[in-house]
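# Analysis of the macromolecular model
So you can see what is in the structure, the chains are spelled out below.
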Amino acid sequence: MKSIFVILLLYMYVLLLPKVSVAQEPVRIDKAVKQHIFSYKEIDVFEDRTGTLGIEEVSSPMRNSLFASSRTFIPKTTNSKSTYWYRIKLQESSDTGAFLLEFYDQTIDDIKIYQQSTTGNFQRFEFGAQLDFKKRQVHHKNFTFNIPRKYSGVQTYYIAIHTEQPAAVMIVLKKTNWFIQYGLREYMLLGLLYGMILVFCLYNLVMFFAVRQKQYLYYVLYNLSIGLYEISSNGTGFQYLWPSYPDWNEIAYGVALYLAVTFSMLFAREFLHLKHKVPFLNKVILGYLALRTIFFLLCLFVNNHWFVYKFIEVIPVLLALFSGIYILRRGYYPARFFVAGYSFILLGILIRIIKVLNVGKMPFGPLNFYSLSFCLIMEMLFVTFAIGDNIRLLKKKKEKAQRRIIKELESKQALKDKLNSELEQKVVLRTREVLEKSEIIEAQNQELLEQAEEIRKMNELLSIDNTILKKNISEVTEARVMSKILSYDEFIKIYPDNDTCYRFLSELKQKKGFECKKCGHTEFYAGHSPYSKRCAACDYEESVINGTIFQNSRIPLNKAFYMVYIIYATKGKISSYKLAETLEVRQATCWANLNKIRTIMLERKKEFKGAGEDGWNKLVLT
């Protein structure tokens, strides 16, 4: 117990010891050195929590004591309200060649480099993601600063960094020649990376058009989103695609990451058939996508700096990985490549987290710097294998189904051949019977034809008799009309409609003959209205009621016929009230027509005397 107490006292003593400032080590610029990363004692750090101090205050002797050597291999900014000051020293000589300083984190909003001259004054150089790309000293995706070659000895540089999101302040001293060579190789590798992404996109796009399954379209969109994330995060997008839009450059990686997560989850649920095989996992993924969409909208419209919380993307990776393992254990073998691909993504994310947290002091190098990009390419490769395996499985199932269909078709063909053979035998027998019966039927048809000919001749004779009979009946009926007073119901059966009346008037006028009232010409042809006649000389058209007592009559023609008939038959002794009741016509109309007909009969009394049937015709034809 006593020993534990002593250890605790020693620990507290060590904690309460004042910090001992260690002299900063200047970095010697040597032409034999291609590049050098500032770390630990080579870079001093001071956090200005107020964010108001200027270079004169920071570089003053009383502030120099606040600078301390970096405790990490790569310093990091964590507080968005603070300005972080970094001090480096370069020991220069007159024969060193051209060198520059390079900052690898392209998300830093504002970088100010202060170089002290021999007179003690400071010259400021400004960089940052908030400025247009064209304002940079060197048009490169990383921030670069050319070191002047005017001075020799130890040169001090103060670097002020302010950024809204955590950033890794990796400052690298590079020889200009090596920077060019390294940059060319880096851009070539990036071009290869983007080319591979496009190849994967085209491959899956072809698969989509071939198979017409939306999972391939989701994967194409996922690959494009990953490509957008890569060019947004490594600065090539800002350099080549949107150099004049720094505001978009600040959020482009967040938008791309959201799209990548969304299409990745949609692809996973379609490829693994979660909706039918594991409905619970399907609902979990859809629920996560809903929450992720809400968070994306908050980042987009409330605070853009929340996009920096990229560690949440480990959740969809774990969901997809767990779903793939679960489906694989249930016997869906294409999921093994899916699991391998997402395992690489998880590995890349873990390496990125370790690098950000600086666990184990991971050294800088291309392997860990581009680890996530490499893992993404491996994921695309393995998922492409999974898609190919899925196609192979579908093809195998299709071939199996085709073999089964072929076997069934062969069985059906054999049965069909057997049935055809039996049918042919039955058809031969049936044909023989039909031929025998057809001879009998042909003989009977001949007899029927002879009988039909006799019936036809009889029908012709009957038709002639019917025509004569109808004509006689018509003549008798008309004669009966004039010999006996008919009731309205009996009369309407003889003249049921206007067409019957028109035909009667046409026949009456035809007996009288045609003479054009306009030019007196006697030749005519049929007019436009029923039973009308048009003069062949002047085209004057005369209707069938023109020149009759019914001209300008406003009551139905068959009723007007009966009115003339009954007045003539009763010699005008019927009353207008009786006519109105019989014909259902206004009494005033009946009275006017009754007086009109009476007047005509009185005026032509001598003409109608002893006329009989002709009196009806003469009364109609005025």
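Provided above is the structure to which this section pertains.
Quick summary incoming for the structure in this document. (Residues numbered from 1 in each chain as written. Predicted model: local features only at pLDDT ≥ 70, side-chain atom pairs only at ≥ 80, totals over all residues. Heavy atoms only, no water.)

## A short note on the overall build of the protein
Broken down by element type, the protein carries 20 helices and 16 strands. For the protein, the proportion of its 622 residues judged to be buried stands at 40%. Of the contacts formed within the protein by residues at least 6 apart in sequence, a portion of 69% connects residues at least 24 apart. A total of about 36800 Å² of accessible surface is found on the protein, and carbon and sulfur atoms cover 60% of it. (Helix = DSSP H or I, 4+ residues; strand = E, 2+ residues; numbered from the N terminus. Buried < 20%, exposed > 50% of the residue type's maximum accessible area, 1.4 Å probe, protein only. Contact = heavy atoms within 4.5 Å. Areas by Shrake-Rupley, 256 points an atom, 1.4 Å probe, with all protein chains shown as cover.)

## Describing the sheet that holds strand β15 (residues 533-535)
Sheets are built from strands that pair by backbone hydrogen bonding, the pairs being arranged parallel or antiparallel. Taken in spatial order, the 3 strands of this open sheet run β14-β15-β16, and their pairing is antiparallel. The open sheet has two edge strands, β14 (524-526) and β16 (541-542), and neither has a second partner. Inspection of the sheet shows β15 paired to β16 by 2 bridges, in the antiparallel sense. From the neighbouring strand, K533 faces β16, where its bridge partner is E542. (Pairing = 2+ DSSP bridges.)

## A short note on a nonpolar patch on the surface
On the surface, L291, I294, L297, L298, F301, V302, W306, Y309 and F311 cluster together into a nonpolar patch covering about 940 Å² of accessible area. Relative to the elements of secondary structure, F311 occurs in the loop between α9 (279-301) and α10 (314-329). When its relative accessible area of 52% is taken as the criterion, F311 is described as exposed. (Patch = residues over 30% accessible without salt bridge, like charges linked within 9 Å, V, L, I, M, F, W, Y side chains within 5 Å. Salt bridge = Lys/Arg side-chain N within 4 Å of Asp/Glu carboxyl O.)

## Considerations on the sheet that holds strand β13 (residues 171-175)
Read across the open sheet, the 4 strands follow the order β2-β13-β7-β10; overall the sheet is antiparallel. The outermost strands of the open sheet, each flanked by one partner alone, are β2 (35-37) and β10 (143-146). Going from strand to strand, the sheet's axes swing by 20° on average, the running direction of each strand aside. Across 3 bridges, β2 lies against β13 in antiparallel orientation. Bridging from a neighbouring strand, H36 pairs with L173 of β13. Of the strands in this sheet, β2, β7 (99-103), β10 and β13 are in contact with helix α4 (residues 176-211), which crosses β13 at around 105°. (Axes fitted to C-alpha atoms, helices over the stretch in contact; angles between N-to-C directions.)

## Some remarks on the pattern of salt bridges
One pass over the structure, following the stated rule, counts 11 salt bridges. Where K214 meets E270, a salt bridge forms, and the shortest distance between an N and an O atom there is 3.8 Å. With K214 in helix α5 (residues 214-233) and E270 in helix α7 (residues 246-271), the pair connects residues that are 56 residues apart, well separated along the chain. K214 sits in the partly exposed class, given a relative accessible area of 48%. Where E541 meets R534, a salt bridge forms, and the shortest distance between an N and an O atom there is 2.9 Å. Its relative accessible area of 18% is what places R534 among the buried residues. By sharing partners, the salt bridges in this structure join D110, K112 and E126 into a single network.

## Considering α5
A rise of 1.5 Å per residue sets the reference length of α5, with its 20 residues, at 28 Å; its end C-alpha atoms lie 28 Å apart and thus fit the reference within 8%. G235 occupies a position one or two residues after α5 and carries a positive phi of about 90°. (Expected span 1.5 Å × (residues − 1).)

## Here's the deal with helix α17 (residues 576-583)
Note: α-helices contain 3.6 residues per turn, so residues at a spacing of three or four share the same orientation. Listed as buried for α17 are S576, L579, A580 and L583. All buried residues of α17 project into a common sector of 100° when viewed along the axis, lining one side. Among the exposed residues of α17, those oriented more than 90 degrees off its buried face are Y577 and E581. The inward-facing, buried residues of α17 abut α14 (488-494), α16 (557-569) and α18 (587-603). Immediately downstream of α17, the backbone of E584 shows phi near 60°, a positive value. (Arc of directions from axis to C-beta.)

## What to know about the side chain of K559
By the secondary structure assignment, K559 is in helix α16. The buried charged residue K559 lacks any salt bridge partner; its closest oppositely charged side chain belongs to E584, at an N-O distance of 4.8 Å. If near-sequence neighbours (up to four positions away) are discounted, K559 is found in contact with Y488, L583, E584 and V585. (Lys, Arg positive; Asp, Glu negative; His and termini not counted.)

## Looking at the packing of α5 against α7
Orientation of α5 relative to α7, taken along the N-to-C sense of each, is 155°, at an axis distance of 8 Å. In terms of axis orientation, α5 runs roughly antiparallel to α7. When the axes of α5 and α7 are compared, the crossing they make is left-handed. Classifying every residue of the contact of α5 with α7 by side-chain character gives 17 nonpolar, 5 polar and 2 charged. (Parallel < 35°, antiparallel > 145°, perpendicular 65-115°, else oblique. Left-handed = near helix turned anticlockwise from the far one by under 90°. Nonpolar A, V, L, I, M, F, W, Y, C, P; charged D, E, K, R; others polar.)

## What about the packing of aromatic side chains?
Enumeration according to the criterion identifies 29 aromatic pairs in this entry. Ring plane angle 80° and centroid distance 5.8 Å describe the contact between F133 and F238, whose orientation is recorded as edge-to-face. Of the two residues, F133 sits in the loop between β9 (122-127) and β10 while F238 sits in helix α6 (residues 236-240), which places them 105 residues apart along the sequence. You'll find F133 and F238 in the same group, each marked buried. With a centroid separation of 4.7 Å and an interplanar angle of 40°, the aromatic rings of Y219 and F267 are classed as tilted. With Y219 in helix α5 and F267 in helix α7, the pair connects residues that are 48 residues apart, well separated along the chain. Given the relative accessible area of 0%, Y219 is considered buried. Members of the aromatic cluster, connected to one another through ring pairs, are Y219, Y222, F267, F271, F338 and Y342. (Phe/Tyr/Trp six-rings, centres within 6.5 Å; stacked < 30°, edge-to-face > 60°.)

## Things to note about the packing of α4 against α5
Contact geometry for α4 and α5: axes closest at 8 Å, N-to-C directions at 165°. When the axis of α4 is compared with that of α5, the two are roughly antiparallel. The element α4 and its partner α5 pack so that their crossing is left-handed. Between α4, through L193, Y194, I197, F200, C201, N204, L205, M207, F208 and V211, and α5, the contact on the second element is made entirely by K214, Y216, L217, Y219, V220, N223, L224, I226, G227, E230 and I231. Here the contact of α4 with α5 is built from residues that sort into 16 nonpolar, 3 polar and 2 charged.

## What about the environment of Y219?
Through-space distance from the C-alpha of Y219 to that of C201 is 7.7 Å; in sequence the pair is 18 residues apart. Look past the residues within four positions of Y219 in its chain and what remains in contact with it is N204, F267, E379, M380, V383, T384 and I387.

## Re unusual backbone geometry
If you check the backbone angles, Y40 has positive phi at about 50° while not being a glycine. Tracing the sequence through the fold places Y40 in the loop between β2 and β3 (44-48). Positioned with a positive phi, E584 is a non-glycine residue whose angle comes to about 60°. By secondary structure assignment, the location of E584 is in the loop between α17 and α18.

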